[in-house]
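Close look at the chain arrangement
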Amino acid sequence: MTIILSNIKDGPKSNNLILASYPNNIKKNAEHDFLVTKESKDFGSLNAFGTASAVFEMVEKDMNYFNEKIKLFKDRSEAWDNWQEAHENPIAVFIFQDVRKPKAQYIRRDTRKQLHFHSFRSKCDKTMVHTCLFFDVIAHETGHAILDIVRPDYYSSTNRQTKGLHESFGDFTVLFTI
């Protein structure tokens, strides 16, 4: 179960994320919760959205804390400005059943930012594996999105060390979110 304290609207949609793939019209119940069973067609979408939201919520708290400390200085942080601007264009979360695509990825095309979670057939026992159900995969890809927000120049870098930093940031996001 994922508990998110921030304001999530039907869809689901938040300041940081929007569920862009079907089903994307998931409604809250009478208690204003998204409650579904594992067997529900909505479970994978809500799991990916909820986990990514929890990661964003953790980082949001940290960014707010550091922003208060940065106010002591004359110049505001570029990372903080980028973080504030990111709320204007929520990251689209897509859940795919396409087995020919990469297993999970963060993509930026122009101003559009997207998290993709695909399903694939296991090489061992040929069962379907849905990346939208794995906390570590979701948190890792969300880490890429967060780093791209605060340091957008790192996304398209051809420098191997910068690419390595991007991968390690995704890995550390998983560790810090647990």
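No experiment lies behind these values; they were computed from the predicted model shown. (Residues numbered from 1 in each chain as written. Predicted model: local features only at pLDDT ≥ 70, side-chain atom pairs only at ≥ 80, totals over all residues. Heavy atoms only, no water.)

**Quick word on the overall build of the protein chain**
Of the regular secondary structure elements, the protein chain holds four helices and six strands. In the protein chain, buried positions account for 40% of the 178 residues. Counted over contacts in the protein chain with a minimum sequence separation of 6, partners at least 24 positions apart contribute 54%. Surface summary for the protein chain: the accessible area is close to 11,100 Å², and the carbon and sulfur share equals 54%. (Helix = DSSP H or I, 4+ residues; strand = E, 2+ residues; numbered from the N terminus. Buried < 20%, exposed > 50% of the residue type's maximum accessible area, 1.4 Å probe, protein only. Contact = heavy atoms within 4.5 Å. Areas by Shrake-Rupley, 256 points an atom, 1.4 Å probe, with all protein chains shown as cover.)

**Thoughts on the pairing of strand E3 (residues 104-109)**
On any regular strand, side chains alternate: one points to one face of the sheet, the next to the other face. Sheet analysis places E3 next to strand E4 (residues 112-117), joined by six bridges and oriented antiparallel. Residue pairing across strands places Ile107 opposite Gln114, the latter belonging to E4. Linking two consecutive strands that pair antiparallel, namely E3 and E4, is a turn of two residues; a positive phi of about 55° is found at Asp110 within it. (Pairing = 2+ DSSP bridges.)

**Some details on the sheet that holds E4**
One open sheet holds the four strands; their spatial order is E1-E2-E4-E3, and the pairing between them is mixed. Edge positions in the open sheet fall to strand E1 (17-19) and E3, since each of these has one partner strand only. The average angle at which neighbouring strand axes cross in this sheet is 25°, direction not considered. (Axes fitted to C-alpha atoms, helices over the stretch in contact; angles between N-to-C directions.)

**Digging into the packing of aromatic side chains**
Taken as a whole and judged by the stated rule, the model has three aromatic pairs. Considering the side-chain rings of Phe94 and Phe96, the 5.7 Å spacing of their centres and the 10° angle between planes classify their relative orientation as stacked. Just above the ring of Phe120 sits the side chain of Lys103; from NZ or CZ to the centre is 4.9 Å. (Phe/Tyr/Trp six-rings, centres within 6.5 Å; stacked < 30°, edge-to-face > 60°. Lys NZ or Arg CZ within 6 Å of the ring centre and 35° of its normal.)

**Looking at helix H4 (residues 160-177)**
Since one α-helical turn is 3.6 residues long, residues separated by three or four positions face the same way. Its 18 residues place the ends of H4 26 Å apart at the C-alpha level, agreeing with the 26 Å of an ideal helix rising 1.5 Å per residue. Along H4, the positions that sit buried rather than exposed are Thr162, His166, Gly170, Thr173, Val174 and Thr177. Buried residues of H4, viewed axially, fall in a sector of 140°; they line one side. Of the residues in H4, the exposed ones pointing more than 90 degrees away from the buried face are Arg160, Gln161, Leu175 and Phe176. The backbone nitrogen of Gln161 has a side-chain oxygen 2.6 Å away, supplied by the residue at the start of H4, namely Asn159. (Expected span 1.5 Å × (residues − 1). Arc of directions from axis to C-beta. Polar contact = N/O pair within 3.5 Å; in protein donor to acceptor, adjacent residues only side chain to side chain.)

**Quick notes on the pattern of salt bridges**
Oppositely charged side chains can form a pair if their charged atoms are brought close together. Under the definition given, this model contains two salt bridges. With its nearest N and O atoms 2.9 Å apart, the salt bridge here joins Arg108 to Asp148. Of this pair, Arg108 sits in strand E3 while Asp148 sits in helix H3 (residues 135-150); the two residues are 40 residues apart in sequence, bridging distant segments of the chain. Here Arg108 falls in the partly exposed class, since its relative accessible area comes to 25%. Between Arg151 and Asp153 there is a salt bridge, and its shortest N-O distance comes to 3.1 Å. Using a relative accessible area of 34% as the deciding quantity, one classes Arg151 as partly exposed. For Asp153, a relative accessible area of 43% gives the class partly exposed. (Salt bridge = Lys/Arg side-chain N within 4 Å of Asp/Glu carboxyl O.)

**Digging into a positive patch on the surface**
There is a patch of like positive charges on the surface, built from Lys103, Arg121, Lys123 and Lys126. When you line up the elements, Lys123 lands in the loop between strand E5 (119-121) and strand E6 (128-130). (Patch = residues over 30% accessible without salt bridge, like charges linked within 9 Å, V, L, I, M, F, W, Y side chains within 5 Å. Lys, Arg positive; Asp, Glu negative; His and termini not counted. Charge placed at Lys NZ, Arg CZ, Asp CG, Glu CD.)

**A closer look at a negative patch on the surface**
Negative charge collects at one region of the surface, where Glu78, Asp81, Glu85 and Glu88 lie side by side. Inspection of the secondary structure puts Glu88 in the loop between helix H2 (78-86) and strand E2 (91-95).

**Observations regarding the pairing of E2**
Counting buried positions along E2 yields five of five residues, so the element is predominantly enclosed. What you see with E2 is no split at all: Ile91, Val93 and Ile95 on one side and Ala92 and Phe94 on the other are buried throughout. The pairing of E1 with E2 spans three bridges and is classified as parallel. Within E2, the position partnered with Ile18 by the bridge is Ala92. Relative to E4, E2 runs parallel, the two being bridged by four bridges. When the bridges of E4 are listed, Ala92 appears paired with Gln114.

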